[in-house]
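If you want the building blocks of each chain, they are given just below.
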2 protein chains.
Amino acid sequence: MPNASAEAFAPATVANLGVGFDILGLALREPGDRVRVEHRDQPGAVITDIEGDGGKLPRDPEKNTACIAANSVLKTLGVSSGVAITLHKHLPLASGLGSSAASAVAAAVAVNALFGEPLTRPELLPACLDGEAAVSGYHADNVGPSLLGGITLITGTSSDQIHNLPVPEGVYLALVTPDVAVPTAEARAVLPKMVNLHDMVAQTGAVARLVDAIYRADVRGLATVMEQDCIIEPARAHLMPKLIEVREAAKRAGALGLVISGAGPTLCAVCDDEKVSELVAAAMKNVYDMVGVQSTARHTRIAVKGAQVLRVNDRESP
Amino acid sequence: MPNASAEAFAPATVANLGVGFDILGLALREPGDRVRVEHRDQPGAVITDIEGDGGKLPRDPEKNTACIAANSVLKTLGVSSGVAITLHKHLPLASGLGSSAASAVAAAVAVNALFGEPLTRPELLPACLDGEAAVSGYHADNVGPSLLGGITLITGTSSDQIHNLPVPEGVYLALVTPDVAVPTAEARAVLPKMVNLHDMVAQTGAVARLVDAIYRADVRGLATVMEQDCIIEPARAHLMPKLIEVREAAKRAGALGLVISGAGPTLCAVCDDEKVSELVAAAMKNVYDMVGVQSTARHTRIAVKGAQVLRVNDRESP
């Protein structure tokens, strides 16, 4: 007998971490999306309401990320009933913070909770990927950390290809999201098709150092090496307004390194102190303020836990 | 006042570790080169004798790797006297085991010991690189592990760009060196100049996994991921006789993975048991025996320590 309703939270994520293009990502403590699902007797998932998207997300169950993920879980569970979804969107669309992944993950975790959590988190991965695929393609660099938390190394789309790395103490993140559109498709299109071998060696060396620094909890080391991406950032930099100026301002305010979050335009600075991360966030926002670009600044930490069930109401609850 | 003579050992090394092309290497407990230096009043380094090279190595101080490294240390120390070198060559030339690096490192460490070890191991790196450069170019993927020991991550040629990774317990290596020439220059020439982005992502993912597995002491994981090199091995495979057959034979005998050591032709199999590594070495050699190719098989372990001073005789010793 399913519960009457369930609610889940899934965090925003920073994919790539500079040199870890398409293979590394981390979960943020905030922001994140919340999904509430109510059980209904009719099969399939439908949208009851979406808050916080400015009307931009599709309500069509076949196009909505959360609905697709929910339907995928329902199908895996083999149930004949369905769910009505309310999506509370707390993170900006197309911002490089894994918005579609967070919605898909929150929906999958909520539906699973509705039916008493028969599936483990890794078992929910395919459903989350189904939802993500509707928007961004079938890849796990946002879905992985949003579902599983921490810092994840992603070498494929099956759960045994997603590895949790340790989360170093003392990492504080400052993020700024300028109000400009950087569609993921465009950010992919500008990438080189081919890379010279020398650059590949430099990139593999930097990635190896990044994993090494993560294990050593060497915050300065990881922030420095994240930035040494000689392939992806140079190709995308022109899509990120004021990247150079924001990086300079962040470092003047005490940041140890700065990378593009996912495909951008959010920029993510790494700090080793909470107060500094607050100052860095303000300094980054100030760069956009000076040129009249609206932006949102945040400071937060790495979320060790990924998506979480917030509330389950059984049939007897009011 | 310098000592009368000193002797040092430097280990053979396995560079690349498959997916870690040009950035990873490890030191072997054996074989290794031994260098004995005797103090002389005349400036500079000269060769007294070389044993075990079949007469193939140059005796000219300007071309001999050990002499060049020795001279570089003498210059760094600012001494006006010199050394006479006896090189005991215990590892095969042009075999992919870092032969020139071992000679350079043993010479540098011996000269440093002759003068009372004024320089630290990392401070000897430039001299070792000078010696290596005469044969293989100015890179540290063999010199680094031979000098410093263990598993090293090499992102450049200065000592702060060489990082010791942890050495997992339980790694046993089986090596086979067929008696065929694979000049490093030819092994470099066959490499692609450009790599497609998709392959680069796969390679960075595999390298990240390898470092992760090293930290986790996951021997099976590291052996599996080492092999997932989609760029270097495919380009070089045709230079390694019977690569496919040796890998198959190694795995049938219990090996967990096999990679080309450096630029080859030595092949290095990873095992998680000493007895198995002995059987694997024999099975690999048997493949060459069957086709009439002479080969040398070895089984050994990762050397946690790098080059070592074996003996120092002061002026009063007999």
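What you see is a predicted model, and the numbers here were worked out from it, not measured in a lab.

So, how was this worked out
- Residues numbered from 1 in each chain as written.
- Chains lettered and ligands numbered in written order.
- Predicted model: local features only at pLDDT ≥ 70, side-chain atom pairs only at ≥ 80, totals over all residues.
- Heavy atoms only, no water.
- Domains from an automatic or database assignment.
- Contact = heavy atoms within 4.5 Å.
- Buried area = accessible area lost by both parts, 1.4 Å probe.
- Salt bridge = Lys/Arg side-chain N within 4 Å of Asp/Glu carboxyl O.
- Polar contact = N/O pair within 3.5 Å; in protein donor to acceptor, adjacent residues only side chain to side chain.
- Helix = DSSP H or I, 4+ residues; strand = E, 2+ residues; numbered from the N terminus.
- Expected span 1.5 Å × (residues − 1).
- Buried < 20%, exposed > 50% of the residue type's maximum accessible area, 1.4 Å probe, protein only.
- Axes fitted to C-alpha atoms, helices over the stretch in contact; angles between N-to-C directions.
- Left-handed = near helix turned anticlockwise from the far one by under 90°.
- Nonpolar A, V, L, I, M, F, W, Y, C, P; charged D, E, K, R; others polar.
- Pairing = 2+ DSSP bridges.
- Core = buried A, V, L, I, M, F, W, Y, C linked by side-chain atoms within 4.5 Å.
- Least-squares fit on C-alpha atoms with pLDDT ≥ 70 in both.

Q: What am I meant to see in the domain arrangement of chain A here?
A: Often the size quoted for an interface is simply the accessible area lost on bringing the parts together. Residue and element names in this part refer to chain A. Domain boundaries in chain A define domain 1 (5–165 + 303–311) and domain 2 (172–300). Distance between the C-alpha centres of domain 1 and domain 2: 24 Å. Each partner contributes to the interface: domain 1 provides 25 residues, whereas domain 2 provides 31 residues. Buried surface at the junction of domain 1 and domain 2, summed over both partners, amounts to about 2,000 Å²; 67% is from carbon and sulfur atoms. The three residues of domain 1 that bury the most area against domain 2 are V19, F21 and L165, which together make up 29% of that side's buried surface. Where domain 1 meets domain 2, there are one salt bridge. Across the salt bridge formed by D22 and R188, the nearest N and O atoms sit 2.7 Å from each other. At the junction of domain 1 with domain 2, the criterion picks out eight residue pairs in polar contact (both at pLDDT 80 or more). Among the secondary structure elements, those contributing two or more residues to the side of domain 1 that touches domain 2 are β1 (5–15) and β2 (24–40).

Q: Can you walk me through helix α6 (residues 197–216) of chain A in this structure?
A: Note: α-helices contain 3.6 residues per turn, so residues at a spacing of three or four share the same orientation. Residues and elements named next belong to chain A. The first and last C-alpha atoms of α6 sit 28 Å apart over 20 residues, in line with the 28 Å expected at 1.5 Å per residue. Of all 20 residues making up α6, 15 are buried, and the element is well covered by its neighbours. Two or three places before H198, at the start of α6, stands the capping residue N196, its side-chain oxygen 3.0 Å from that residue's backbone nitrogen. The positive-phi residue at the C-terminal boundary of α6 is A217, with phi of around 55 degrees.

Q: When you look at the pattern of salt bridges in this model, what are you seeing that I'm missing?
A: All names here are of chain A. Enumeration over the complete set of coordinates arrives at 26 salt bridges over all chains. Residue R216 pairs with D212 through a salt bridge whose shortest N-O separation is 2.9 Å. Placement of the pair is R216 and D212 together in helix α6, with a separation of four residues, close to one helical turn. Owing to a relative accessible area of 0%, D212 belongs among the buried residues under this scheme. Between K285 and D289 there is a salt bridge; the shortest N-O distance is 3.5 Å. Placement of the pair is K285 and D289 together in helix α10 (residues 274–290), with a separation of four residues, close to one helical turn. Residue classification places K285 among the partly exposed residues on the basis of a relative accessible area of 27%. Sharing partners across several salt bridges, the network here consists of E227, E233, R247 and K251.

Q: How do you make sense of the packing of helix α1 (residues 65–77) of chain B against helix α2 (residues 99–114) of chain B when you look at a structure like this?
A: Any two packed helices are characterised by how steeply their axes cross, that is the angle between the axes, and by the distance between the axes. Residue and element names in this part refer to chain B. With their axes 8 Å apart at the nearest point, α1 and α2 run at an angle of 35 degrees to one another. Judged by the twist between their axes, the crossing of α1 over α2 is right-handed. Counting all contacts with α1, which are made through T65, A66, A69, A70, V73 and L74, the residues of α2 involved are S100, S103, A104, A107, A108, V111 and N112. A breakdown of the residues in the contact of α1 with α2 according to their chemical character gives nine nonpolar, four polar and no charged.

Q: When you look at the sheet that holds strand β11 (residues 295–301) of chain B in this model, what are you seeing that I'm missing?
A: To summarise the sheet geometry, strands pair through backbone hydrogen bonds and adopt either a parallel or an antiparallel arrangement. All names here are of chain B. Read from one edge of the open sheet, four strands run β9-β10-β7-β11, paired in antiparallel fashion. The open sheet has two edge strands with one neighbour each: β9 (257–260) and β11. Across the sheet, the axes of successive neighbouring strands diverge by a mean angle of 20 degrees, strand direction being ignored. Taken together, the seven bridges between strand β7 (residues 172–178) and β11 define a ladder with antiparallel strand orientation. Directly across from Y172, in β11, lies its bridge partner R301. Contacts from helix α9 (residues 243–252) reach β7, β9 and β10 (267–271) within the one sheet, and its direction differs from that of β9 by about 150 degrees.

Q: What am I meant to see in the nonpolar core here?
A: If you look at the biggest cluster of nonpolar residues, it comprises 127 residues, and the most contacted ones within it are V37(A), V83(A), I85(A), L173(A), L210(A), L173(B) and L210(B). It is helix α2 (residues 99–114) of chain A that provides the largest number of residues to this core, a total of twelve residues. Other than its neighbours up to four places away in sequence, V83(A) contacts V37(A), E38(A), R40(A), G44(A), A45(A), V46(A), A70(A), L74(A), V111(A) and L114(A).

Q: Explain the environment of G257(A) here, please?
A: Residues and elements named next belong to chain A. Checked against the element boundaries, G257 lands in strand β9 (residues 257–260). Considered as a pair, G257 and A113 are 144 residues apart in the sequence and their alpha carbons are 39 Å apart. Among residues more than four places away in sequence, those in contact with G257 are A223, E227, K251, C268, A269 and V270.

Q: What is the right way to read the relation of the copies chain A and chain B from this model?
A: In summary, the two copies of the chain are related to each other by a rotation about an axis coupled with a shift along it. Relative to chain B, chain A is turned by 180 degrees and slid 0.0 Å along the rotation axis, the superposed coordinates differing by an RMSD of 0.0 Å. Interpreted geometrically, this transformation is the action of a two-fold axis. Same-surface contact between copies: 100% of interface residues of chain A are shared with the interface of chain B.

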